[in-house]
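What follows is each chain in one-letter form.
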Amino acid sequence: MEADEQSPSYRVALQDFRRVQQRAVLEQFLAAIRGLSAELLSYDKVRKQLHLTSISGGHLEDIPLNAIVGSVGRYHDFTRSFFPRDPNTLHRWARVKAAVSEMAGVPPIEVYRVGEAYFVLDGNHRVSVARELGATHI
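Each value, and the rule that gives it
Residues numbered from 1 in each chain as written. Predicted model: local features only at pLDDT ≥ 70, side-chain atom pairs only at ≥ 80, totals over all residues. Heavy atoms only, no water. Helix = DSSP H or I, 4+ residues; strand = E, 2+ residues; numbered from the N terminus. Rg over C-alpha atoms; globule rule 2.2 N^0.38 Å. Buried < 20%, exposed > 50% of the residue type's maximum accessible area, 1.4 Å probe, protein only. Areas by Shrake-Rupley, 256 points an atom, 1.4 Å probe, with all protein chains shown as cover. Lys, Arg positive; Asp, Glu negative; His and termini not counted. Charge placed at Lys NZ, Arg CZ, Asp CG, Glu CD. Patch = residues over 30% accessible without salt bridge, like charges linked within 9 Å, V, L, I, M, F, W, Y side chains within 5 Å. Salt bridge = Lys/Arg side-chain N within 4 Å of Asp/Glu carboxyl O. Contact = heavy atoms within 4.5 Å. Polar contact = N/O pair within 3.5 Å; in protein donor to acceptor, adjacent residues only side chain to side chain.

**Q** How should the overall build of the chain be read in this particular structure?
**A** On a plain count of helices and strands, the chain comes out with four helices and four strands. Secondary structure elements of the chain, listed N to C terminal, follow the sequence α-β-α-β-α-β-β-α. Over its C-alpha atoms the chain spans a radius of gyration of 15 Å, differing by no more than 12% from the 14 Å that the globule rule assigns to 138 residues. For the C-alpha atoms alone, the extent of the chain along its principal axes is close to 50 × 40 × 25 Å. For the chain, buried positions account for 41% of its 138 residues. A total of about 8,100 Å² of accessible surface is found on the chain, and carbon and sulfur atoms cover 53% of it. Positive and negative charge centroids in the chain, built from 17 and 16 side chains respectively, lie 6 Å apart.

As structure tokens, then:
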């Protein structure tokens, strides 16, 4: 899944990251003005509040991106819309975006499902890129 950091698609992806990160700042600002949160939900907090104990999985399916509401460990790194918040993720995000743009193939994401909501275990950057590209499912 690694994209060449000298490729034109990687350079475009770096610009896209900066644009999307500006959207993250705006999302956080507007949420604060409205008294809302722009935070992704924490799977561990939801699991504890709902007293969930079992985890199942192991199959592939298309997931609506708007049903992905949180993350297992990286919920501070992205806004609720999966805009990247941390500038240190620039190169990782750009490599994923370039790989998708170059049709290099990316592995499926891993999620936990709670009711109709999904929490990303592995693939937060892939979700972020998919949303930025306007995809509806992943």
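**Q** It is not clear to me how a nonpolar patch on the surface should be interpreted in this structure. Could you clarify?
**A** Taken together, the side chains of L26, F29, L30 and I33 define a hydrophobic patch exposed on the protein surface, amounting to about 390 Å² of accessible area. Looking at the secondary structure, you find L30 in helix α1 (residues 8-34). For L30, a relative accessible area of 31% corresponds to the partly exposed category.

**Q** For this particular structure, what's the right way to read the environment of D122?
**A** Assignment of secondary structure puts D122 in strand β4 (residues 117-122). Residues D122 and A31 lie 91 residues apart in sequence; the distance between their C-alpha atoms is 26 Å. With sequence-adjacent residues up to four places away left out, D122 is seen in contact with I109 and E110. At 3.2 Å, the side chain of D122 and the side chain of R126 are in polar contact.

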